[in-house]
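# Structural overview for review
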Amino acid sequence: MQRQTISSGRPWEDSAGYSRAVRIGNIIDVSMTTPTAPDGSILHPGDVYLQTKVALEMIGEALAEAGATFNDVISTRTFLLEMSTWEQAAKAHGEVFHDIKPTTGWVGVSGFFTAGIVAEVEAMAVIED
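Before going into details, it helps to say that this report is about the structure given with it. (Residues numbered from 1 in each chain as written. Predicted model: local features only at pLDDT ≥ 70, side-chain atom pairs only at ≥ 80, totals over all residues. Heavy atoms only, no water.)

### Some remarks on helix H2 (residues 48–65)
A rise of 1.5 Å per residue sets the reference length of H2, with its 18 residues, at 26 Å; its end C-alpha atoms lie 26 Å apart and thus fit the reference within 8%. Inspection of H2 places Val48, Tyr49, Gln51, Thr52, Val54, Ala55, Leu56, Met58, Ile59, Gly60, Ala62 and Leu63 among the buried residues, and these make up the whole buried set. In this structure, the buried residues of H2 make contact with strand S1 (3–6), strand S2 (21–24), strand S3 (27–33), strand S4 (73–80), helix H3 (86–97) and strand S6 (119–126). With a side-chain oxygen lying 3.2 Å from the backbone nitrogen of tyrosine 49, the N-terminal cap of H2 falls on aspartate 47. One or two steps after H2, the chain reaches glycine 67, where phi turns positive at roughly 90 degrees. (Helix = DSSP H or I, 4+ residues; strand = E, 2+ residues; numbered from the N terminus. Expected span 1.5 Å × (residues − 1). Buried < 20%, exposed > 50% of the residue type's maximum accessible area, 1.4 Å probe, protein only. Contact = heavy atoms within 4.5 Å. Polar contact = N/O pair within 3.5 Å; in protein donor to acceptor, adjacent residues only side chain to side chain.)

### Overview of the packing of aromatic side chains
Within this structure, the stated rule accounts for 2 aromatic pairs. Ring geometry for phenylalanine 70 against phenylalanine 97: centres 5.3 Å apart, planes inclined by 85 degrees, an arrangement best described as edge-to-face. Taken as a pair, phenylalanine 70 in the loop between H2 and S4 and phenylalanine 97 in helix H3 lie far apart in primary sequence, 27 residues in all. Using a relative accessible area of 24% as the deciding quantity, one classes phenylalanine 70 as partly exposed. Judged by relative accessible area, which is 3%, phenylalanine 97 ranks as buried. A centroid spacing of 6.1 Å and a plane angle of 55 degrees characterise the contact between tryptophan 86 and tryptophan 106, whose relative ring orientation is tilted. (Phe/Tyr/Trp six-rings, centres within 6.5 Å; stacked < 30°, edge-to-face > 60°.)

### Quick notes on H3
With 12 residues, H3 ought to run about 16 Å at 1.5 Å a step, and its terminal C-alpha atoms sit 15 Å apart, in line with that. Three or more residues of H3 are buried, namely Ala89, Ala92, His93 and Phe97. Buried positions in H3, seen along its axis, are confined to an arc of 120 degrees and lie on one side of it. For H3, the exposed residues lying more than 90 degrees away from the buried face are Glu87 and Lys91. Next to the buried residues of H3 lie H2, S4 and strand S5 (106–108). (Arc of directions from axis to C-beta.)

### Remarks on the side chain of glutamine 51
Following the sequence through the fold, glutamine 51 ends up in helix H2. Within the structure, the side chain of glutamine 51 is placed 3.1 Å from the backbone oxygen of histidine 44, a separation counted as a polar contact.

That's the geometry; what it means functionally is another story.
Listed below in structure tokens is the structure:
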């Protein structure tokens, strides 16, 4: 099967050797997505809702480049610095997935790679053949 890699152009993708998303066949896996600007700066430091919203927008862009939409998403995971903030992330998630209802999980982490990040999101999609 053909492998398609999708880049968001963020600086860490090349240095760390990863893709924003990879499509093989009808499966698209989107990496943990950090709310960053193209220059790598962290957007909305400390704001769980806005960081989740930005991460989902970036995921939507990667899905579109791979030929998918949010309707094709079957699973998401949201990683949070503070689990007590899950409802803020859930609000942003619900704005996108209210009617789609993929499986999901909320994962508490001890930290992210740089200050200001409080939420990251990953997703898996399957496109119908």
